[in-house]
Amino acid sequence: MTVVDERAPAPVPTVTPPPSPRLVAAMYRGQRIAVPCPNWCVRDHSTEDLAFLEDLSHEGEEIALAAPEFNGVTEVLVAAVRQWPFVNDTDRGLPYLGLDATGEGEVANLQKAAALAFADQLVTHATEIRRLVAIL
């Protein structure tokens, strides 16, 4: 028979905190400051001197869809995760998927649900291209 001491404290569960972003150096009005930077960000924040913290942005690696042209290829869709963490807008500086479909700069900033819906549209479009190729 096992005797249980009811006065003994219950075991405390271990809690693993979520990973925190790394701290990187950035220049702000000539001063070096530490800013949190997500692991997906590939931007070197120390290479520009910011006049306003709102100008600091995080940028992920760009991916591009290259389409053949008669004289080579052109990038018809460039996408990357981006974030403006110190901007006080409706999205409160949340990361988004930035799209450039024209080569002129971002044409859309999509939050997660909209980005996933767009990705689904791309899959459907690719399926339709395969259907057209089957005709050849």
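### Considerations on the layout of surface pockets
- When its volume is computed, the largest pocket comes out at roughly 280 Å³.
- Secondary structure elements with two or more residues in the lining of the largest pocket: strand 5 (63-69), strand 6 (72-83) and helix 1 (112-135).
- The leading source of residues in the lining of the largest pocket is helix 1, at seven residues.
- Classifying every residue of the lining of the largest pocket by side-chain character gives 13 nonpolar, one polar and no charged.

### With respect to the sheet that holds strand 1 (residues 22-28)
- If you trace the three strands from one edge of the open sheet to the other, you get 2-1-3, paired in mixed fashion. Strand pairing shows two members of the sheet lacking a second neighbour, strand 2 (31-37) and strand 3 (49-50), which therefore form its edges.
- Inspection of the sheet shows strand 1 paired to strand 3 by two bridges, in the parallel sense. Each residue of the ladder has a partner; that of M27, found in strand 3, is D49.

### A few points about the environment of A66
- Structurally, A66 is set in strand 5.
- Remark: the alpha-carbon pair of A66 and V76, spanning 10 residues in sequence, is separated by 6.0 Å.
- In contact with A66, other than residues within four places in its own chain, are V73, T74 and E75.

Criteria and thresholds
Residues numbered from 1 in each chain as written. Predicted model: local features only at pLDDT ≥ 70, side-chain atom pairs only at ≥ 80, totals over all residues. Heavy atoms only, no water. 1 Å grid on protein atoms, 1.4 Å probe; cavity = no way out; pocket = protein on both sides within 12 Å on 5 of 7 lines; lining within 4 Å. Points joined across faces, edges and corners; volume = space filled by probe spheres on them. Helix = DSSP H or I, 4+ residues; strand = E, 2+ residues; numbered from the N terminus. Nonpolar A, V, L, I, M, F, W, Y, C, P; charged D, E, K, R; others polar. Pairing = 2+ DSSP bridges. Contact = heavy atoms within 4.5 Å.

Structural measurements only, silent on function.
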